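Residues per chain, in single letters:
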Amino acid sequence: MGNRRIHYILYPMSYRKIAPAEAAAAQSSGHGILLDVRTAAEFREVHAQGAILLPLDVLSPQKVEEVRGPNPGPIYLLCASGIRAVKAAEQLERAGLNDLRVVEGGTTAWIAAQLPVVRGRKSISIERQVRIGAGLLVLAGTSLGWFVHPGFFILAAFVGAGLVFAGITDICGMAILLAKAPWNRSGKDFSPAASY
C-alpha cells in the first residue's frame, strides 16, 4: 500500500473514473472513442457497442492515436471489471496522453446498466483460465509429489507463491501468458480498421 501512496504523490493520476452510462452517452454523441483493452476472445464474446479492440498487451500511444484519428475527444477505456483499464490509463498517462476516462466496473457494469452490447461466440475468461490452470498445476504437483517423488511438491508451492504475488501486486504472470495464447488472440495482428 505504501508504494502506491508514494506513486500517487509523485505521479498524481489525471484520468477520471466515470459511470458506464456517461461513457455510452458521450460515445454515442461522437465525443471521444471507446477502447476495449481486453483480449480478442473476451471482446468476441461480448463488447460494448461501438467499442474498438486494442488489447492491453499491444497498447501503445501510437496505436491509440492511430485509432483516435481526428477525434479530439476523450479516450474512454473499458475492460472486464476496470482493473486492466486503470493499468491502460496509467500506461498512457506515463506516455503523455491525457483526457483519459476509465469506465467504472468495465463491461460487467456496462451490461448491468443494460447499455447496448454486441454478443458473439462464448469463451472462457482469462480469470477463469487462470483458476483452471493454477488448479491443474497444484493438482498435478501434489499428485506427482505424493505418488512419484516428493520434489514435485515444489510445483504446487511455486503456483501458490505466484497466486500470493498476484494478489499483492495485481500482476498475474499466468494471466499475461494466457493472454498471448492462440485461443485468446484474434488470429491476426492489431489493425485499427478491423471491425468485430
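Predicted model, so just to flag it, every value in this text is computed and none were measured.

1. Let's talk about the pattern of salt bridges
Where charged atoms from two side chains of opposite charge come close, those side chains can pair. Scanning the model with the defined rule gives eight salt bridges in all. A salt bridge links arginine 84 to glutamate 127, with the shortest nitrogen-to-oxygen separation between them at 3.9 Å. Highlighted residues: arginine 84 in helix α5 (residues 83-94) and glutamate 127 in helix α7 (residues 126-147), separated in sequence by 43 residues. By relative accessible area, which is 16% here, arginine 84 ends up buried. The shortest N-O distance in the salt bridge between arginine 101 and aspartate 99 comes to 3.0 Å. Relative accessible area serves as the criterion here: at 15%, arginine 101 is assigned to the buried category. You can call aspartate 99 partly exposed: its relative accessible area is 29%. Each of Glu42, Arg84 and Glu127 takes part in salt bridges that share partners, so that together they form one network.

2. Thoughts on the pairing of strand β2 (residues 33-36)
When a strand is regular, its side chains alternate between the sheet's two faces. In β2, alternate side chains face the same way, and those of Ile33 and Leu35 on one face and Leu34 and Asp36 on the other are all buried. Both β2 and strand β5 (residues 75-78) contribute to a ladder of four bridges, which runs parallel. When the bridges of β5 are listed, leucine 34 appears paired with tyrosine 76.

3. Overview of the sheet that holds β2
On the basis of which strands lie adjacent, the open sheet formed by five strands has the order β1-β6-β5-β2-β4 and parallel pairing. The strands lining the two open edges of the sheet, one partner per strand, are β1 (16-18) and β4 (52-53). Sheet analysis places β5 next to strand β6 (residues 100-103), joined by three bridges and oriented parallel. The residue of β6 that forms the bridge with isoleucine 75 is leucine 100.

4. Side note on α5
In this model, α5 (twelve residues) spans 17 Å end to end at C-alpha, consistent with the 16 Å of a helix rising 1.5 Å per residue. Listed as buried for α5 are Arg84, Ala85, Val86, Ala88, Ala89, Glu90, Leu92 and Glu93. Glycine 96 lies just past α5 and shows a positive phi near 100 degrees.

Criteria and thresholds
Residues numbered from 1 in each chain as written. Predicted model: local features only at pLDDT ≥ 70, side-chain atom pairs only at ≥ 80, totals over all residues. Heavy atoms only, no water. Salt bridge = Lys/Arg side-chain N within 4 Å of Asp/Glu carboxyl O. Helix = DSSP H or I, 4+ residues; strand = E, 2+ residues; numbered from the N terminus. Buried < 20%, exposed > 50% of the residue type's maximum accessible area, 1.4 Å probe, protein only. Pairing = 2+ DSSP bridges. Expected span 1.5 Å × (residues − 1).

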